[in-house]
Amino acid sequence: MNSKENDSKKELCVEFLPKGDLHVHLNGLISKAMMQDILHKEKSFYSETIDINPYLEKTKPYKSLQEYIRIWDVFRLVPNHRSSLKLMMEDAFINLKKDNVRFAEIRNSVIYISLLNDITVTEALRWLLEYLDVFSEKYGIKAGFIPTVSRGDYCIDNFKALLKAYEALGCPKSIVGIDLAGDEDYQCPKELAKLFRVTKEKYNLKITIHAGETGNPNNIRDAIINYGADRIGHGTAASKSKEVMQLLKEKDICIEVCPISNYLTGAVKSLNKHPVSDFIKNNVPFVICSDNPGFHDASLSEDYKLFINAVNDSSQIENMFDKQKKYTFIKGLQ
Ligand SMILES: [Zn+2]
């Protein structure tokens with residue numbers, strides 16, 4: 001067998017592996033074609049036609065995380081109708097199914113859906129959970145939902161609105177955790193960390209925090225100590241601090257490693273220098289996740305392949321599904 005055949009065999013195996021995705025955003029999971037379709041259908045809401053192609057160039061890293069986050073300016077223009085959300089959610093599950101993903105924790109910040117559709121946050125959350133359950137059942141993929149709070153001036157208000165909606169809906173089981181995302185340079189009020197910890201305790205919800213993506217390991221320490229994080233999103237700065245690496249290992253806090261995203265945002269300069277090699281060396285737990293496979297124009301399998309190339313070893317992938325089951329917030333999979 002020549003090396004080309006060998007490569008194709010490796011690709012085939014990766015795609016056929018059962019997988020769990022512990023870090024994926026709903027809008028980032030929608031395929032480019034579906035997103036364009038919805039933007040086209042809803043074009044009456046916009047003053048001009050939006051070309052999202054420039055936002056989807058995956059071969060070139062963005063100049064910064066801020067530039068990558070700007071993609072959301074486009075992706076947050078939809079859905080402007082309940083039927084669009086239904087299309088988006090079904091497309092998300094179709095994409096997961098294609099990649100043999102057996103369970104997924106899907107994130108969304110909810111608030112913008114309520115604003116776009118002029119409905120309450122409770123109603124927006126109800127829409128999301130209804131479609132999550134419908135398509136989870138239809139495609140046989142276990143799904144949990146994680147509301148995302150964005151760092152910024154309204155983070156406390158948004159947190160409280162999400163909590164109120166969660167309570168109003170009777171604390172649905174499909175909500176498995178809470179996430180904090182957005183600009184890490186923004187200093188959130190201390191009250192936010194307390195709200196995360198108290199809510200975790202009161203409702204037995206898990207916490208994941210996007211931290212250490214822009215180079216500061218202190219944000220990971222803050223997430224663990226002050227927010228009570230059970231997992232860390234990205235965490236690429238962890239290996240800069242021995243103390244943080246030790247903390248992750250001792251507390252068995254899993255890092256959600258998203259290779260394609262890390263490369264595109266510039267969180268890692270080169271995939272060969274991805275800190276996941278340090279996580280392996282120091283027994284820091286991690287799982288491979290996709291983050292935004294739709295606008296990466298890729299899939300979780302592509303992340304697996306990049307990871308294998310980065311560490312030059314496929315053995316870590318062999319038990320990846322077991323690790324994903326161990327660290328998922330969805331109950332009953334462990
Ligand atoms: Zn993310």
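In this text the structure is predicted, and so the values were computed from the model without any measurement.

## Section: the pattern of salt bridges
Part 1: Applying the stated criterion across every chain yields a total of 17 salt bridges.
Part 2: Residue Asp-179 is joined to Arg-107 by a salt bridge in which the shortest nitrogen-to-oxygen separation is 3.1 Å. Within this pair, whereas Asp-179 is found in strand E4 (residues 177-181), its partner Arg-107 is found in strand E2 (residues 101-108), the two being separated by 72 residues in sequence.
Part 3: Judged by its relative accessible area of 0%, Asp-179 is buried.

## A word on the layout of surface pockets
Part 1: As a volume, the largest pocket reaches approximately 480 Å³.
Part 2: Lining of the largest pocket is provided by 24 residues; of these, Ile-69, Trp-72, Arg-76, Ala-181 and Gly-182 occupy positions nearest its centre.
Part 3: Those elements that place two or more of their residues in the lining of the largest pocket are helix H2 (26-29), helix H4 (65-69), helix H5 (71-75), E2 and strand E3 (142-150).
Part 4: At four residues, the largest contribution of residues to the lining of the largest pocket is made by H4.
Part 5: Within the lining of the largest pocket, the residues separate by chemical class into seven nonpolar, eleven polar and six charged.

## Quick look at helix H9 (residues 155-168)
Part 1: An ideal rise of 1.5 Å per residue puts 20 Å on 14 residues; H9 measures up with 20 Å between its terminal C-alpha atoms.
Part 2: Burial in H9 covers these residues: Cys-155, Ile-156, Phe-159, Leu-162, Leu-163, Ala-165 and Tyr-166.
Part 3: Tucked into the core, H9 has its buried residues touching helix H7 (111-117), helix H8 (121-139), E3, E4 and helix H10 (190-203).
Part 4: Positive backbone phi, approximately 80 degrees, marks Gly-170, located one or two places after H9.

## Re the pairing of strand E7 (residues 254-257)
Part 1: Burial along E7 is two-sided: Cys-254 and Glu-256 facing one way and Ile-255 and Val-257 facing the other are all buried.
Part 2: Where strand E6 (residues 231-234) meets E7, three bridges bridge the pair, whose relative direction is parallel. The residue of E7 that forms the bridge with Arg-231 is Cys-254.
Part 3: Considered for its hand, the β-α-β crossover made up of E6, helix H12 (residues 242-250) and E7 is right-handed.

## Some remarks on the coordination of the zinc ion
Part 1: Taken together, the protein ligands of the zinc ion are His-23 (NE2), His-25 (NE2), His-210 (NE2) and Asp-291 (OD), with distances of 2.1 to 2.3 Å.
Part 2: The site at the zinc ion holds four donor atoms, and with the angles between them running 84 to 167 degrees, its shape is irregular.
Part 3: When the donor residues of the zinc ion are listed from N- to C-terminus, their spacing reads H-x1-H-x184-H-x80-D.
Part 4: The exposure class assigned to His-25 is buried, which follows from its relative accessible area of 10%.

## Describing the environment of Leu-248
Part 1: Looking at the element boundaries, Leu-248 is found in helix H12.
Part 2: Residue Leu-248 is classed as buried on the basis of its relative accessible area, which comes to 0%.
Part 3: Between the alpha carbons of Leu-248 and Phe-329 there is a distance of 17 Å; along the sequence they are 81 residues apart.
Part 4: Leaving out residues up to four positions away in the same chain, Leu-248 has contacts with Ile-220, Ile-224, Ile-232, Ala-238, Ile-253, Ile-255, Val-284 and Pro-285.

## So, the nonpolar core
Part 1: Counting 107 residues, the largest nonpolar core has Phe-93, Phe-196, Ile-232 and Leu-248 as the members making the most contacts within it.
Part 2: In terms of residue count, the dominant contributor to this core is H8 (ten residues).
Part 3: Not counting residues up to four positions away in its chain, the partners in contact with Phe-196 are Val-149, Phe-159, Ile-178, Asp-179, Leu-180, Ile-207, Ile-209 and Tyr-227.

## Brief notes about the packing of H8 against H9
Part 1: Following both chains from N to C, one finds H8 and H9 inclined at 60 degrees, their axes separated by 8 Å at the closest point. For the crossing formed where H8 meets H9, the hand is right-handed. Contacts between H8 and H9 involve Val-121, Thr-122 and Leu-125 on the former and, on the latter, Ala-161, Leu-162, Ala-165, Tyr-166 and Ala-168.
Part 2: Looking at the contact of H8 with H9 residue by residue, the classes come out as seven nonpolar, one polar and no charged.

## Notes on the packing of aromatic side chains
Part 1: Counting across every chain of the model gives eight aromatic pairs.
Part 2: Between Phe-135 and Tyr-139 the ring centres are 6.4 Å apart and the planes differ by 35 degrees, which places this aromatic pair in the tilted class. Here Phe-135 pairs with Tyr-139, and both are found in helix H8, just four residues apart, close to one helical turn. Taken as a pair, Phe-135 and Tyr-139 share a single burial class, namely buried.
Part 3: Ring plane angle 85 degrees and centroid distance 5.3 Å describe the contact between Tyr-166 and Tyr-203, whose orientation is recorded as edge-to-face. Of this pair, Tyr-166 sits in helix H9 while Tyr-203 sits in helix H10; the two residues are 37 residues apart in sequence, bridging distant segments of the chain.
Part 4: Judged by relative accessible area, Tyr-166 falls into the buried class, the value being 7%.

About the cut-offs
Residues numbered from 1 in each chain as written. Predicted model: local features only at pLDDT ≥ 70, side-chain atom pairs only at ≥ 80, totals over all residues. Heavy atoms only, no water. Salt bridge = Lys/Arg side-chain N within 4 Å of Asp/Glu carboxyl O. Helix = DSSP H or I, 4+ residues; strand = E, 2+ residues; numbered from the N terminus. Buried < 20%, exposed > 50% of the residue type's maximum accessible area, 1.4 Å probe, protein only. 1 Å grid on protein atoms, 1.4 Å probe; cavity = no way out; pocket = protein on both sides within 12 Å on 5 of 7 lines; lining within 4 Å. Points joined across faces, edges and corners; volume = space filled by probe spheres on them. Nonpolar A, V, L, I, M, F, W, Y, C, P; charged D, E, K, R; others polar. Expected span 1.5 Å × (residues − 1). Contact = heavy atoms within 4.5 Å. Pairing = 2+ DSSP bridges. Right-handed = clockwise from strand over helix to strand, strands pointing away. Donors = N, O, S within 2.8 Å, 3.2 Å for Na, K, Ca; no water. Tetrahedral: all angles 85-135°; square planar, octahedral: opposite > 155°, others 65-115°. Core = buried A, V, L, I, M, F, W, Y, C linked by side-chain atoms within 4.5 Å. Axes fitted to C-alpha atoms, helices over the stretch in contact; angles between N-to-C directions. Left-handed = near helix turned anticlockwise from the far one by under 90°. Phe/Tyr/Trp six-rings, centres within 6.5 Å; stacked < 30°, edge-to-face > 60°.

Nothing here speaks to function; it is all geometry.
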